[in-house]
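Single-letter residue listing:
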Amino acid sequence: MCKDHLWNRSKYQAMAELAVEYYLYMHQLLDEIPRSQIITLNYVDLVNNTRLCVEQVYQHFDLQPSNAFLEQLQASTDVARSHKSQHHYQLEDFGLSKEWVFSRLRPVFEHYGFEK
């Protein structure tokens, strides 16, 4: 393995650790921020039904999206749905593992009922 690849792996591991710290901090804030001021969305729901999730955000904060916005959102969602990535990544490609992710984010996994 070349030195550049090792450096990239450690860089990715450092970036992953920052992401973990962000998630843990946001998870902690759930107990501190009034529910009226925060909403969490499931990524799969956001991808599969973007419009519904956006409407839920607007409703949660007592806002009304314009029809023009909803039309643009639908058009953008349709374009995004037609895109199929050619990239296939594995955690191990970045020096990570499912076990590491779970061990670092156990409170988040348990809170949302994510599978290990």
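K.L.:
Describe the overall build of the protein, and please don't skip the residues or the numbers.
P.N.:
Counting secondary structure elements, the protein contains six helices and zero strands. Projected onto its principal axes, the C-alpha positions of the protein cover 55 × 40 × 25 Å. Among the 116 residues that make up the protein, the fraction classed as buried is 16%. A separation threshold of at least 6 residues defines the contact pool for the protein, and within that pool the share at least 24 residues apart is 53%. With an accessible surface of roughly 9,400 Å², the protein has 55% of that area assigned to carbon and sulfur atoms.

K.L.:
Explain the layout of surface pockets to me, using residue names and the numbers behind them.
P.N.:
Roughly 870 Å³ of volume is contained in the largest pocket. Lining the largest pocket are 25 residues, with Tyr23, Leu41, Val108, Tyr112 and Phe114 sitting closest to its centre. Contributions of two or more residues to the lining of the largest pocket are made by helix H1 (3–29), helix H2 (43–48), helix H5 (98–104) and helix H6 (106–112). Here the element with the most residues in the lining of the largest pocket is H1; it accounts for seven residues. Size it by volume and the second largest pocket reaches roughly 170 Å³. Around the second largest pocket, the lining residues are Val47, Asn48, Thr50, Thr77, Ala80, Arg81, His83 and Lys84. Residue contributions to the lining of the second largest pocket peak at three residues, all from helix H4 (residues 67–82). When the residues that make up the lining of the second largest pocket are grouped by side-chain class, the tally is two nonpolar, four polar and two charged.

Conventions adopted
- Residues numbered from 1 in each chain as written.
- Predicted model: local features only at pLDDT ≥ 70, side-chain atom pairs only at ≥ 80, totals over all residues.
- Heavy atoms only, no water.
- Helix = DSSP H or I, 4+ residues; strand = E, 2+ residues; numbered from the N terminus.
- Buried < 20%, exposed > 50% of the residue type's maximum accessible area, 1.4 Å probe, protein only.
- Contact = heavy atoms within 4.5 Å.
- Areas by Shrake-Rupley, 256 points an atom, 1.4 Å probe, with all protein chains shown as cover.
- 1 Å grid on protein atoms, 1.4 Å probe; cavity = no way out; pocket = protein on both sides within 12 Å on 5 of 7 lines; lining within 4 Å.
- Points joined across faces, edges and corners; volume = space filled by probe spheres on them.
- Nonpolar A, V, L, I, M, F, W, Y, C, P; charged D, E, K, R; others polar.

By themselves, these observations are geometric and do not establish any function.
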